Amino acid sequence: MSDTGSDGELLRAIAADGDRRAFEELYRRYAPWLTARLRGRCADAGMVDDVVQETFLAVWRGSARYREEGDVAGWLWRIGSRRLIDVLRGDGARGRMRQALARLRHRDEASAEERVLAGVEHGDLAGALVRLSPELRAVLQATVIDGLTTREAAVLLGIPAGTVKTRAMRARKQLREELA
């Protein structure tokens, strides 16, 4: 396989023949990008490196199959972001809260959602979150706790970006009302 093959050609060679050179080229093209994107979502560099490795192992082993729909970067991001979320969920609510608070320390001005997270002791946030519908909770999880952009959350949740925005707005409104 040539080092200059298209992403689709590389993935087909990996899937069909277990082409190691094609895999190495795909890794060379996307591992640094995926690492940088995931490090924007998680302060633990070791955890991010593990997630990147798991993502590419899934590609190599064929457990993640590219269906030639959309771009390869988006497909790899979907795999990697879901694996990161799984790892963070495994770390429990405390780990997710630490990640959210770590992101707060690196920004100039906190959003309304981040101020709520930073001031958890001033209200029944857990209770208010439980009372949200699963759809609204999933959007908040993706956008606030996991730090995904609207577009990334849309890909992760499999819904249009406009729906993510609407659900986030409804969730914020409901939380403001309950925590006021």
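Scroll up for the structure.
Parameters at a glance
Residues numbered from 1 in each chain as written. Predicted model: local features only at pLDDT ≥ 70, side-chain atom pairs only at ≥ 80, totals over all residues. Heavy atoms only, no water. Helix = DSSP H or I, 4+ residues; strand = E, 2+ residues; numbered from the N terminus. Polar contact = N/O pair within 3.5 Å; in protein donor to acceptor, adjacent residues only side chain to side chain. Contact = heavy atoms within 4.5 Å. Buried < 20%, exposed > 50% of the residue type's maximum accessible area, 1.4 Å probe, protein only. Axes fitted to C-alpha atoms, helices over the stretch in contact; angles between N-to-C directions. Parallel < 35°, antiparallel > 145°, perpendicular 65-115°, else oblique. Left-handed = near helix turned anticlockwise from the far one by under 90°. Nonpolar A, V, L, I, M, F, W, Y, C, P; charged D, E, K, R; others polar. Core = buried A, V, L, I, M, F, W, Y, C linked by side-chain atoms within 4.5 Å. Salt bridge = Lys/Arg side-chain N within 4 Å of Asp/Glu carboxyl O.

J.: What is the right way to look at the side chain of D7 in this model?
T.: Mapped onto the elements of the fold, D7 is located in helix α1 (residues 7–17). Polar contacts involving the side chain of D7 include one to the side chain of R29, which spans 2.6 Å. Setting aside anything within four residues of it in sequence, one finds D7 in contact with R29, Y30 and V72.

J.: What exactly am I supposed to notice about the environment of R20 here?
T.: Within the fold, R20 resides in helix α2 (residues 20–39). The class for R20 is exposed, based on a relative accessible area of 57%.

J.: Please explain the packing of helix α8 (residues 134–145) against helix α9 (residues 150–157) as it appears in this structure.
T.: A pair of packed helices can be characterised by two numbers: the angle between their axes and the separation between those axes. With their axes 9 Å apart at the nearest point, α8 and α9 run at an angle of 130° to one another. Overall, the two elements α8 and α9 adopt an arrangement that is oblique. The hand of the α8/α9 crossing is right-handed. When α8 is examined against α9, the residues A138, V139, A142 and T143 are found in contact with a partner set consisting of A153, L156 and L157. Considering only residue class, the contact of α8 with α9 consists of six nonpolar, one polar and no charged.

J.: What's the story with the nonpolar core in this structure? I'm lost.
T.: In globular proteins that are soluble, nonpolar side chains generally tend to be buried together. By size, the foremost hydrophobic cluster in this structure holds 36 residues, and its most contacted members are L26, L38 and F56. Elements that contribute at least two residues to this core include exactly α1, α2, α3 (45–61), α4 (72–90), α8, α9 and α10 (161–179). In terms of residue count, the dominant contributor to this core is α4 (nine residues). Setting aside anything within four residues of it in sequence, one finds L26 in contact with L10, L11, I14, A31, F56, V59 and V72.

J.: Which parts of the structure should I look at to understand the pattern of salt bridges?
T.: Here the idea is simple: oppositely charged side chains can pair when their charged atoms come close. Here the structure, examined in full by the defined rule, presents seven salt bridges. Put simply, R29 and D7 hold a salt bridge, and the shortest N to O gap is 2.6 Å. With R29 in helix α2 and D7 in helix α1, this pair connects stretches of sequence that are 22 residues apart. With a relative accessible area of 26%, R29 lands in the partly exposed category. The shortest N-O distance in the salt bridge between R131 and E178 comes to 2.6 Å. Of the two residues, R131 is situated in the loop between α7 (125–130) and α8 and E178 in helix α10; the sequence distance between them amounts to 47 residues. Accessibility expressed as a relative area gives 48% for R131, which makes it partly exposed. Classification of E178 as partly exposed rests on a relative accessible area of 31%. Counted as one network, the salt bridges with shared partners bring together D7, E25, R28 and R29.

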